[in-house]
Amino acid sequence: MSYLSLAPFIQKRPWLLRWMRPLSRWYFDNSGYRKLGLKADDLIPEESESVQLALKRLPPKEAYDRVFRMRRAFQCSLAHQLLPQNEWTTPDQDYPYLEPIIKEIEAERTEREDLESMIIKKRTTSSAKGGH
């Protein structure tokens, strides 16, 4: 799930961050997923192995809440309605709960690949006698 991100570039420049923050708030408010009660991590496609493994690693309460949010959003979508405003997801509630687990899984996978591709050389007898 690697993708190009401008976030580190923007975060290093305070003037650009001040300019982009209102734009990002406007974008998230108008994207509509919060009006259906969803969080940003609910929108991550589930097709990749990393995401499926991350979903299995979720705590039971978080997994239940995710399924509830998805079903409620699906019902709202079928009815062509939005949730009442008091049930919308607020920016404080929209924290990344799945993305840190996905990053951890991808780090484990790259570490495993690095260890599996490591070449081990056998010491020769002359270097073994010679010392350290």
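Residues numbered from 1 in each chain as written. Predicted model: local features only at pLDDT ≥ 70, side-chain atom pairs only at ≥ 80, totals over all residues. Heavy atoms only, no water.

Trainee: I'm lost on a negative patch on the surface in this one. Help?
Mentor: Together, E111, E113, D114 and E116 give the surface a local cluster of negative charge. Inspection of the secondary structure assignment puts E113 in helix α5 (residues 99-116). (Patch = residues over 30% accessible without salt bridge, like charges linked within 9 Å, V, L, I, M, F, W, Y side chains within 5 Å. Areas by Shrake-Rupley, 256 points an atom, 1.4 Å probe, with all protein chains shown as cover. Salt bridge = Lys/Arg side-chain N within 4 Å of Asp/Glu carboxyl O. Lys, Arg positive; Asp, Glu negative; His and termini not counted. Charge placed at Lys NZ, Arg CZ, Asp CG, Glu CD. Helix = DSSP H or I, 4+ residues; strand = E, 2+ residues; numbered from the N terminus.)

Trainee: Before we go on, may I ask you to explain the nonpolar core in this structure?
Mentor: A general feature of soluble globular proteins is that nonpolar side chains tend to end up buried together. Of all hydrophobic cores here, the largest spans 9 residues; its members are I44, V51, A54, L58, Y97, L98, I101, I102 and I105. Elements represented by at least two residues in this core include exactly α3 (49-57) and α5. Counting residues per element, this core draws most heavily on α5, which supplies 3 residues. Among all residues touching Y97, those that are not within four sequence positions of it are K39, D41, D42, L58, E62, R66 and R69. With 6 residues, the next largest nonpolar core counts L38, A73, C76 and L83 among its residues. (Core = buried A, V, L, I, M, F, W, Y, C linked by side-chain atoms within 4.5 Å. Buried < 20%, exposed > 50% of the residue type's maximum accessible area, 1.4 Å probe, protein only. Contact = heavy atoms within 4.5 Å.)

Trainee: I keep staring at the confidence of the model for the protein and nothing clicks. Help me out?
Mentor: Parts of the model with low pLDDT should not have their predicted coordinates read in detail. Across the protein, the average pLDDT comes to 89, with 92% of residues at or above 70. Mean pLDDT values for the elements of the protein range from 62 in helix α6 (residues 125-130) up to 96 in helix α4 (residues 60-79). (pLDDT = per-residue confidence, 0-100.)

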